[in-house]
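# Observations on chain architecture
What follows is the residue order along each chain.
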Amino acid sequence: MALNMAAVPEIELDRISMRYETDSSDVLALSQVSLEIAKGEFVSLLGPSGCGKTTLLRLMADLIQPTSGTLKVAGKSAKEARLAQKYGIVFQNPVLYDWRKVKDNITLPLELMKVKKKERDAKADQLLELVGLAGFGDKYPWQLSGGMQQRVAIARALSMQPEILLMDEPFSALDEFSRERLNEELLSIWGKVKNTVVFVTHSIPESIFLSDRVCVLSPHPGRLSSIVDIPLARPRTKEMRNSPEFFSLIARIRDSFEGV
């Protein structure tokens, strides 16, 4: 994927640090993280538990504010980007409402924005087709598998046509077979939508298969220890997972961790 890094970055972090303070403790979760992400790029934040991956994603989404440093989205503040609805967020769990049908879960953000029902229904049909769930709109979440529920969550995140999709370990609760299949489906969706994706994971193979670049975070405190370009051709195929280049990238990323 050709990226114009000379243009204004879609997301720009400059010496971001995050400290959590309570009555009994003072924890530096992130330390001096600087990173630029280009428009349309697929970037993974990779690292072990406790390295600050989710904290960094929440900072990008303006769900929390950094202790120090600056964060810009398309040249504006994270708050301005959030208010302009530039973000779609997919969490580790689908967070669907069991009493709402699948299509009504997908269009909930549109309903809250007072979009007319006819437009919401048309959008739901479009998104269900996009995520491979055409015909499941009238089902309830509890009638779907875990992987299908996560696809509903992705469709809901895309309902507002966000320029940036933030994903926090969305497939970590799935078995390996479902996870690899959803990796392929996610790339297919991304190829059609063409938005910027920031994907949190602790799986090295997953990060390589999905990404243009892998940002490796090391813990205690969380810091950006390396950024690894992924030169694998697109579209990605399952056969690539068994290639010497793929295994070489796994070794390179594993060797880049600090303090683990």
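A brief report on the enclosed structure follows. It should be emphasised that the depicted structure is a prediction, and the values quoted were computed from it without experimental measurement.

Calculation criteria
Starting from 1, residues in each chain are numbered consecutively following that chain's sequence as written. A pLDDT threshold of at least 70 governs which residues receive local features in this predicted model, and a stricter bar of 80 or more applies before side-chain atom pairs are shown or counted, although totals over entire chains, interfaces and linings include all residues. The basis for every side-chain value is the complete set of heavy atoms in the structure, and neither hydrogens nor water enter the calculation. In this scheme, strands are said to pair when DSSP sees at least two bridges between them. For the purposes of this entry, the term helix denotes a DSSP run of H or I that reaches at least four residues, the term strand denotes a run of E that reaches at least two, and both are numbered from the N terminus. Where helices are involved, their axes are fitted lines through C-alpha atoms of the stretch in contact, as for all axes, and angles between N-to-C directions lie from 0 to 180°. Note on contacts: a residue pair qualifies if any of its non-hydrogen atoms lie within 4.5 Å across the two residues. Remark: exposure states derive from per-residue accessible area (1.4 Å probe, protein chains only) relative to the maximum for the residue type, with buried under 20%, exposed over 50%, and partly exposed in between. With its strands directed away from the observer, a crossover is right-handed exactly when the path from the first strand over the helix to the second travels clockwise. Each Phe, Tyr or Trp ring, with Trp reduced to its six-membered ring, pairs with another whose centre is within 6.5 Å; inter-plane angles below 30 degrees give stacked pairs, above 60 give edge-to-face pairs, and intermediate values give tilted ones. A ring is considered to have a charge above it if a Lys NZ or an Arg CZ atom is located within 6 Å of its centre and within 35 degrees of its normal. Every case where a carboxyl oxygen of Asp or Glu lies within 4 Å of a side-chain nitrogen of Lys or Arg is listed as a salt bridge.

## Things to note about the sheet that holds strand β3 (residues 42–46)
Strand order in the open sheet made by the six strands is β6-β7-β8-β3-β9-β10, with mixed pairing throughout. For this open sheet the edge positions go to β6 (87–90) and β10 (223–229), each flanked by a neighbour on one side alone. With strand direction ignored, the average angle separating the axes of adjacent strands in the sheet is 20 degrees. Helix-sheet contacts for helix α9 (residues 244–256) involve β3, β9 (213–218) and β10, and the interaxial angle to β10 is about 165 degrees.

## Describing the sheet that holds strand β2 (residues 26–37)
The four strands are arranged β2-β1-β4-β5 in an open sheet whose pairing can be described as antiparallel. With one partner strand each, in any of the chains shown, β2 and β5 (76–77) form the two edges of the open sheet. As paired elements, strand β1 (residues 11–21) and strand β4 (residues 68–73) share five bridges and run antiparallel to each other. Paired with E12 across the bridge in β4 is K72. Its contacts with the sheet put helix α1 (residues 53–60) on β1, β2 and β4, and the angle it makes with β1 is roughly 120 degrees.

## Some words on the side chain of K86
Tracing the chain through its elements places K86 in the loop between α2 (78–83) and β6. In contact with K86, not counting residues within four places along its chain, are V73, A81, P162, E163 and I164.

## What to know about α1
Spacing of three or four residues puts side chains on the same side of an α-helix, whose turn is 3.6 residues. Burial analysis of α1 places six of its eight residues in the buried class, the great majority of the element. Residues K53, T55, L56, L57, L59 and M60 constitute the buried set of α1. Backbone geometry just downstream of α1 places D62 in the positive-phi region, at approximately 65 degrees.

## Observations concerning the pairing of strand β8 (residues 196–201)
Taking burial as the measure, the six residues of β8 include six buried ones, the bulk of the element. One ladder, built from five bridges, connects β3 with β8; its direction is parallel. Paired with L46 across the strands is T201, a residue of β8. Alignment of strand β7 (residues 164–168) against β8, held across five bridges, turns out to be parallel. Residue pairing in the sheet places L165 in a bridge with V197 of β8. Crossover connection from β7 via helix α7 (residues 176–193) to parallel β8: handedness right-handed.

## Examining the packing of aromatic side chains
Aromatic rings in a pair are described by how distant their centres are and how their planes are angled relative to each other. Scanning the model with the defined rule gives five aromatic pairs in all. Their ring planes at 50 degrees and their centres at 5.0 Å tell us that Y97 and W99 sit as a pair that is tilted. W99 sits in the exposed class, given a relative accessible area of 67%. Measuring from centroid to centroid gives 6.0 Å for F171 and F199, while their planes differ by 45 degrees, and the two rings are tilted. Residue F171 is located in the loop between β7 and α7, and its partner F199 is located in strand β8; the two are separated by 28 residues in the primary sequence. Through successive ring pairs, a cluster of aromatic residues spans F42, F171, W190 and F199. Here the guanidinium or amino end of R241 rests over the ring plane of F209, the centre of that ring lying 3.9 Å away.

## Re the pattern of salt bridges
Tallied over the full model, the rule gives 13 salt bridges. Across the pair R82 and D62 runs a salt bridge whose closest N-O atoms are separated by 2.7 Å. You can see R82 sitting in helix α2 and its partner D62 sitting in the loop between α1 and β4, a full 20 residues away along the chain. For D62, a relative accessible area of 11% gives the class buried. The partner of K117 in a salt bridge is D121, with the nearest N and O atoms 2.8 Å apart. On the criterion of helical spacing, the pair formed by K117 and D121 is a turn pair, its members being four residues apart in helix α5 (residues 117–130). Linked by salt bridges that have partners in common, E10, K39, K86 and E163 make up one network.

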